[in-house]
Structure formats: structure tokens, C-alpha cells
Amino acid sequence: MQPKILIADDEQSIVVPLEFLMEQKGYQVMAAYNGEEAIEKIISFNPDLILLDIMLPIIDGFEVCQMIRSNPNWKDIKIIFVSAMGREVDIAKGLALGADAYITKPFANIEIINKVKEVLEHNK
Amino acid sequence: MNPINKFWWFVATSAVITLVLLFSLAWLFWQQLTPAEKIIIDTISSKNFIYIFSAILLIAGCLIFVFDGILHVYILPAKKLTGETHIINSVNHSHRICIEGSRDIMRLAEAINEGAERYENLQRNVDEMIHFARTESEKERNILAAVMSELPEGILICNSEGQIILYNKKARQLFESRTGLKQEQNLQNGLVGIGRSVFGIIEKKLLVHALDEIAAGLKEANRNVSSFITVSREEKLLRAEAVPVLNHLKQITGFILIFEDITEQLEKESRFDSLLLSFTRGVRASIAGIRSAIEVVLEYPDIKKEQLNEFTGIIHRESITLGNMIDETFFNYSCRFNSMWPLVKMSAADLIETVKKKAEEKPGVTIHFLKPDIPCWIKVDTYSMITAFLFLLEELENETGQHEFRCSIECKNKFIMINIMWEGNPLKIETFRVLDKKIIRIEKEGKPLTLKEIMKHHEAEAFSFVDRNTANKSCIRLLLPSTGESVSENTRNLTILPESRPVFYDFDLFNQPGQVPEMDNRPLSELIYTVFDTETTGLNPEEDEIISVGAIRIVNGHLLRDESFDQLVNPGRTLPFESIQFHGIEEHMLQNQPSIEQVLPRFGKFAEGTVLVAHNAAFDMRMLQMKESKSKIKFINPVLDTMLLSAIVHPAHTDHNLEAIAARLGVSIIGRHTALGDAIATGELFTKLIPLLSKMGIYTLKQAREASRKTQFAKIKY
């Protein structure tokens, strides 16, 4: 079964290429444009991995991450932060909150593909 | 005891003893007589009783008359002589004894007066010499004091107990607010004043921590300054630096606190930080979109046309966003950029006038300047801008061979155009390019700057062109951003050296023992006093109201005229006509003044931790006491009364009102019958009474209070 990936980002210009890329790599993809929608999609879509932006409307990425990690049903969901917040303190905070990886924007497509692959394989 | 009473007590006691002795002798004599002799004497005395009784009365009357004479001719003049000699010796060297008494006493007084005259002349000579020697050092001190008071930083110097020894105007401004409501906040936080505690304005823990840090640093001999941030009552952020003051043994005897208001600076920095942060994030996000889209297109060249359009659309949109973001950030950043070079607002015409004057110092150079009709305001660093102009003119002379130039100023939109024009060929683009990058040395050893850099600092541009409108004149044009007309910024007070130094400091406090030890046993000269006076609607504390409170502080024997309290009070009732005649305060003056309930808490704070001093203090204290329940302020300070103190030092005088004491002690009173005026006069008298008290063996507060209690005036109640 193809792994499911949820892309949570309010920038369409990020979501569209990522969605295309992930589909090309054979993943099932769904997109959410704010934090609240991301939570709803987690419930309905039950993804294996989330590419999570931090500066999301309504509920920010850090909070979404905390909510996922505090729910035992979602403990297997992998989280990769994809954010323009590139300070060391932001990265440290993201990882401390339970993310599996942190990618700063801008990124190379190959970088994100490899990271997704690596995180998902680590699961197995 | 009153000297008159004392004398009569002495006479009466002597008389009683004499009588007892006489009667005893008479009784012994009577016992030795035979019955016949007793009968004879009895008969004679009964017959002549009236004569014997009259003789005794006459002798008694004569004795009383003689004793009264002795009292007024010898005893009282001798007492006065002692008191007045003390005055001459201690507080008023110009005082001369003028008393009625016996010839001997008068001669003695004359001899003392003569001695005083000689002493005064001698003293005058010494004073003149001291005065001359002091003048020079005084000048230097005045310059120091004036400079201190105009420093942009707030300075507080404290002794190891945290008592303020020195402060400057800025420190006071930083920690005290002057307007109505904010004064209430002052109350909670304490005041800046000599002898006041610094802990009233800065948290004690913070200072103790800073001093600990300094002490640790001193041990390692590497760091001796501690910095911390504190908040003033107007919610301004202050950067404080604590620097220790060491004695010869390298022990901390005090510390200097330097305060800088960094609120604005921090705001600017935080605005810039957030600008930079949002710019970085925005750029990252946009580039992420562009990069991802491009990589998809490159990696999958065979994608469908609609998808390709979508990706190119993303790239296009994001590149526009990126461009806008850069524009916006640059616009915001330029505000910060301006603040980095201190630029002064001035009219462009004034700038050119200065340039013209300087340029024409060189022989042969002529500048024709057409002043604009309206003033054009620009912001410039005058020195570098004038240097840039002079440099341009000199280069133009060399390049074109011209010595005559025309200058004009135009105001267009947001810019001021300054044109330098000349007859002949324009400057070639290449020449100007070289000139633009040529180094102009601002000072001999100063930082080298190019014309381009100077222009950049001013957000200005300089370029060469031919002005077709003004008969094809060659021209160099400077475009400077225009600023609106306004009053000049960065105005500072003029530093005017005062004739006498404002009392902002008292270094003797370095040696002051603990802050609030037992006041009772401390010498009078070491205590801090609040001398006060009230003006009232009348003389009945039960019915009358306070309409004015004036007070002044005495620290280390100095009357601090800069630290006074002067407040009119709205009594909420009409003023009796006779009281207006007395104090000159009229009803309309009190209409917008605070009520006594508002004033007393402030006065309480002003007088906190000090000894209250007043003339006829019983009346003023009673007035304050009547307001205790309303104002919720109870004055528990120790109190001294100058009227009672004067009665202690001059018991032979019956007059102890302010004027009489002032005349005796050689104090001239100004501004009598205003609360502050009377408080100042009382304060001056009090400082003169302290040495007189010590001559009588009264050194401490307790001794002064107890001696006061024994005077007859202490019985007056209100």
C-alpha cells in the first residue's frame, strides 16, 4: 500500500509542486491550507507522514505538531517541518516538539524526496 | 526653670533658713530668762507691738526691694550677657551686646563688644583670604556641576548605605514625573534627593546583585562594572551601569549609577529585527516555491501543458512577490539607515550661504547665489556636506578652468534640487565618474569618504547634466530629500554657569552611618530634617483648614533649596478676610488646587524618615493631626520646635517669635508669611541653633526633645 502524505502549507506555490512531486514518487497525497484543516485531514485521511509548515493560519505548525504528539492514536505519524523559519532556535524547537526532521525553505526537491523516503523507511 | 523664678526661689529659701535660725536663737534666749524678766519683756512687746511689727515689715520690704534691684541689675543682665556672648562667639559675629544693668556689667559688656569687634575684623581678613583662595576652585567646580547637570545620562552617586550623595537633573527627570496623576506614582516609588535612599527608586535586590557582581569582579581584578536594565516609573527602559567608588584600601565606599534611556533605541532595534526576520522568511518562502517549481519542470520535461503553465505561473507570481518584498523592506530599512548618521535639519539656503562664504575665501572664486522664495528644509550632516560642496567646486575649477559659479535651489515634489552652474562645457560622464569615487578627506586624519559615500549617507544623488531651460548652462545637480519645516530638533538647554552651585550633592554623606538607626541617640548635626510650615484659614485647628504647605530639607546641616515642597491646598471653604490680609493667598488661587487629602500623602512621602521641624510646631502638628482620619496619613516623625529650642538657648529673652530669633541670630528673612518662605526662615534659624545647643551640652535628638519639654512654651496646647 502506498504511504500517505499530508502537505500542510498556506502557500499554494509550495503545495502545488510538492503535491506533484510526491504523486510522481508514488505517494498518496492530500493538502491542507491551515492548521485546523490539517487536523481534520489527519482524522479523515490518516496520513503516514506530514510535511508541515510552521506559519499556518488558525493553528500554527508547532501547535499542530504538539497536538499530534499528544494523541496516542497518532503516534506513528511522521512529521517533517518545512519552514521558512530558519533560525537554529526554530529548528531546535521543532525537533524538541517531536518532529522527525526539519527542512528550511528554500529546499532542493531531491532533498525533500530523500528526507521523506528516509523518514518513512525508518518507520519500517 | 525661668531665671527670675529661680532667683526668687533662692531668696525665699534663704529667708526661711534665716528666720528658722533667728527663732531658734530667740527660743534659747527665752528659756534662760526668769519668770519676772519674761513678764517684763511680754509687757513691753505687747505695749509696742505695732512698732515692732512695722519695723519688721519695713525691713522685709527693704530687703525685697534690694533683692529685686540685684536681680535686675546683676543677675538678669549677667544671664543675658552669657547668652549674647554665645551668639557672638558662635552664629552671629556681628551681634553686639546692648543691655541695661550695673556699671560693672555694662563695662563688662563694653569689653566683650570691643573684643568681638577685634575678633570680627580679624575674621573678616581671614574670610577674605579664604574667599580669594576658594574663588578659583569654585569656578572649576561650577563648570563641573553645570556639565554634570547637562549630561545626557542620568547620574546618581550613592554611599554604601544606598543614600544618594549626588544626582544630576537628568536622573531626576528619569525617575520623577511632574504632572498631576503621575505624582501619585512618585509616591509609591520614592524621590530622588540628597540623603534619600536609592532603594526607593530601584529595586534593592537588583542593586545588591550588581554590587555582589562588582565585588566578585574586583577580587578577580578583571571586571568592576555591572550593568542591568531597570524600568522607570514612566515605563521607560533604562540601561544602568553601576561603578564602584573605592577607598584607599580598595573597599567599596559607594557606587555610581549611570542611567541611559534605551526605550527608543530598543524599539528601533526590535522593529529592525522583526523587519529582518519577516524579510528572511518571506524570501525563503518565495524562493522555495520558485525553486521547487523550476526543479519539477527540469526534472519532468514531459509534464502536461496545464501543469507546466501552473508551475511557470508559480514562478512568475513568486518572483513578483519577491520584488515587492524587497521594495517594501528597503523602504522600511531606509528609515533606520537615516538614523545612523546624525543629520541636522536646516534650510538649504543656509547651507549654500555657508558654502559660498567658505569657497570665496579662496581668491578669485565667485559664487552667485539666488535665494529661493520659500525656505527649503533638508537634513544634513553639515560638516561632510559642506566639505563635499567645496570639493566639487574645487574639482570643477580644475576641470573647467572657471572661477565663477551660480547656485540655485529648487523645491520639487519630495526633493530639494541644488544646482551648481557655470558657463562653458559640461562635465563629461567619465570625469564625473572618477570624481564621484575620489576620496575626500573629512579631517586631516579623519575617515576618508568619497563624494558618493557622502551622498549615500544623505540619501542624495549628485550628477552632471546640461540644463536646457537655463540657456544651456552646464550644471551639477544635487538631489536631497526634503523635510517639512519644523522647530529644530535636539535642542539642549544652554549651559549657564551659576553664581553659586546648585546643591545636587553632599559628599560628607559618604561617612554617614547606617540609614535608620536609633534617631534618638544620633547627633543633631547628622540627622536629616524636613522643616515645614502651614498657612491656614485661621488659628483654630478644630475649625480652620490648611491652605498651603511649604517644606524644605536639611541634610548634613545644609538647607537644600532645590529639594523643597510648595503646595497650595483647596480648603473647600471660604477664606476669612483677615486671614487673606495675613498670608496674601486669595480664593481664586486655590480653586484648581488639590485637596488636603491629596496633598498630605505627598507631603508624608517627602518627609519620610526625617525629623520634622517647625516654628511653634504644636500648632502645625495639631493641624496635621486633625486631618489624620481624612488623609489616612499619620505623621509619626520625631518633631523639634524652633520656638522651644530658642527658649532653651536664650532663657533670659522673653521674645521667641521668628523675627526676634532671626534678629538675634543674624538671619535675614525673605518671603515671610508664605508657607515655603517661613519654612526656609525656620530652617535657617534651626541650622544656627544646632551649634548653640551643643554649647549647652545638648547634642542628640533625645536631649533636644527633653530640654524642649522643660521650657515654659512647651505647655502651650492647641
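Quick caveat, the model's predicted, so the values are computed rather than measured.

About the thresholds
Residues numbered from 1 in each chain as written. Chains lettered and ligands numbered in written order. Predicted model: local features only at pLDDT ≥ 70, side-chain atom pairs only at ≥ 80, totals over all residues. Heavy atoms only, no water. Helix = DSSP H or I, 4+ residues; strand = E, 2+ residues; numbered from the N terminus. Contact = heavy atoms within 4.5 Å. Buried area = accessible area lost by both parts, 1.4 Å probe. Salt bridge = Lys/Arg side-chain N within 4 Å of Asp/Glu carboxyl O. Polar contact = N/O pair within 3.5 Å; in protein donor to acceptor, adjacent residues only side chain to side chain. Nonpolar A, V, L, I, M, F, W, Y, C, P; charged D, E, K, R; others polar. Pairing = 2+ DSSP bridges. Axes fitted to C-alpha atoms, helices over the stretch in contact; angles between N-to-C directions. Patch = residues over 30% accessible without salt bridge, like charges linked within 9 Å, V, L, I, M, F, W, Y side chains within 5 Å. Areas by Shrake-Rupley, 256 points an atom, 1.4 Å probe, with all protein chains shown as cover. Phe/Tyr/Trp six-rings, centres within 6.5 Å; stacked < 30°, edge-to-face > 60°. Buried < 20%, exposed > 50% of the residue type's maximum accessible area, 1.4 Å probe, protein only. Lys NZ or Arg CZ within 6 Å of the ring centre and 35° of its normal. pLDDT = per-residue confidence, 0-100.

*Asks:* What is the right way to look at the environment of I88 of chain B in this model?
*Replies:* Residue and element names in this part refer to chain B. Following the sequence through the fold, I88 ends up in helix α3 (residues 49–89). Through-space distance from the C-alpha of I88 to that of I112 is 9.3 Å; in sequence the pair is 24 residues apart. Not counting the four nearest positions on each side in its chain, I88 is found in contact with H93, H95, I97, I112, N113 and A116.

*Asks:* Any chance you could explain the interface of chain B and chain A here in plain terms?
*Replies:* Think of interface size as the accessible area that goes away when the parts come together; that is how it is often given. The interface is formed by 20 residues belonging to chain B together with 22 residues belonging to chain A. Each partner contributes to the roughly 1,900 Å² buried at the junction of chain B and chain A, and carbon and sulfur atoms together form 61% of this total. Considering only the side of chain B, the residues that lose the most area to chain A are R281, R284 and Y300 of chain B, jointly responsible for 31% of the buried surface there. For the interface between chain B and chain A, the tally reads zero salt bridges. Between chain B and chain A we count six residue pairs in polar contact (both at pLDDT 80 or more) in total. Elements that contribute at least two residues to the side of chain B that touches chain A include exactly α8 (263–299) and α9 (305–340) of chain B. No other element matches the 13 residues that α8 of chain B contributes to the side of chain B that touches chain A. Of the residues in the side of chain B that touches chain A, the class split is 10 nonpolar, three polar and seven charged.

*Asks:* When you look at the sheet that holds strand β1 (residues 154–159) of chain B in this model, what are you seeing that I'm missing?
*Replies:* Adjacent strands of a sheet pair through backbone hydrogen bonds, lying either parallel or antiparallel. Residue and element names in this part refer to chain B. On the basis of which strands lie adjacent, the open sheet formed by five strands has the order β2-β1-β5-β4-β3 and antiparallel pairing. Whereas interior strands pair on both sides, the edge strands pair on one side only; in this sheet they are β2 (164–167) and β3 (226–231). Strand-to-strand twist in this sheet, taken as the mean axis angle between neighbours without regard to direction, amounts to 25°. In the sheet, β3 pairs with strand β4 (residues 237–246) via six bridges, with the strands oriented antiparallel.

*Asks:* How should a nonpolar patch on the surface be read in this particular structure?
*Replies:* A grouping of L19, L22, F23, L25, W27 and L28 of chain B is seen on the molecular surface, where their side chains present a nonpolar patch of about 700 Å² in accessible area. With respect to the helices and strands, the residue L25 of chain B is situated in helix α1 (residues 3–32).

*Asks:* Whenever I open this one, the sheet that holds strand β1 (residues 4–8) of chain A confuses me. Can you help?
*Replies:* All names here are of chain A. An order of β2-β1-β3-β4-β5 is seen for the five strands of this open sheet, with the pairing classed as parallel. Every other strand in the sheet has two partners, leaving β2 (28–32) and β5 (101–104) as the edge strands with one partner each. The average angle at which neighbouring strand axes cross in this sheet is 20°, direction not considered. Here β1 pairs with strand β3 (residues 49–52) via four bridges, running parallel. If you follow I5 over to β3, its bridge partner there is L49. The strands touched by helix α4 (residues 88–96) within the sheet are β4 (78–83) and β5, with β5 carrying the most contacts at an inclination of about 150°.

*Asks:* Is there a simple way to explain the packing of aromatic side chains in this structure?
*Replies:* Given two aromatic rings, one states the distance between the centres and the angle between the planes to describe the pair. The final tally for this structure, using the stated rule, is 13 aromatic pairs over all chains. On the numbers, 5.5 Å between centres and 40° between planes, the contact of F603 of chain B with F635 of chain B is tilted. Within this pair, whereas F603 of chain B is found in helix α16 (residues 596–607), its partner F635 of chain B is found in the loop between α18 (628–631) and β19 (639–641), the two being separated by 32 residues in sequence. For F635 of chain B, a relative accessible area of 11% translates into the label buried. One aromatic cluster is present, formed by F532, F565, F603, F606 and F635 of chain B through successive ring pairs. Taking the ring centre of F45 of chain A as reference, the NZ or CZ of K4 of chain A above it sits at 5.3 Å. Sitting over the face of the ring of F199 of chain B, K204 of chain B holds its NZ or CZ atom 5.0 Å from the ring centroid.

*Asks:* How do you make sense of the confidence of the model for chain B when you look at a structure like this?
*Replies:* All names here are of chain B. Averaged over all residues, the pLDDT of chain B is 82; the fraction at 70 or higher stands at 88%. Note on residues 178–188: pLDDT under 50 across the span, and 16 contacts to partners over four residues away in sequence or across chains. Low confidence marks residues 487–516, where pLDDT is under 50. Its contacts with residues over four positions away, or in another chain, come to 70 contacts. The ipTM, which scores confidence in the relative placement of chains, is 0.72 for this predicted complex, and the corresponding pTM is 0.49.

*Asks:* When you look at the environment of P77 of chain B in this model, what are you seeing that I'm missing?
*Replies:* Residue and element names in this part refer to chain B. Structurally, the position occupied by P77 is in helix α3. Residue class for P77 comes out buried when judged on its relative accessible area of 4%. For the pair P77 and E100, spaced 23 residues apart in the sequence, the C-alpha separation amounts to 6.9 Å. The residues touching P77, leaving out its near neighbours within four places in the chain, are L71, H72, I99, E100, G101 and I105.

*Asks:* What am I meant to see in the pattern of salt bridges here?
*Replies:* Side chains that differ in charge, positive against negative, can pair when their charged atoms come close. Residues and elements named next belong to chain B. Per the counting criterion, the structure on display carries 23 salt bridges over all chains. A salt bridge links R107 to D104, with the nearest nitrogen and oxygen atoms 3.9 Å apart. Here the residue R107 and the residue D104 both occupy positions in helix α4 (residues 103–150), the gap between them amounting to three residues, near one helical turn. The exposure class assigned to R107 is exposed, which follows from its relative accessible area of 51%. Residue D104 is classed as partly exposed on the basis of its relative accessible area of 48%. The salt bridge involving E608 is made with K605; its shortest N-O contact spans 3.5 Å. Because the salt bridges share partners, they merge into one network encompassing R96, E117, E120 and R124.

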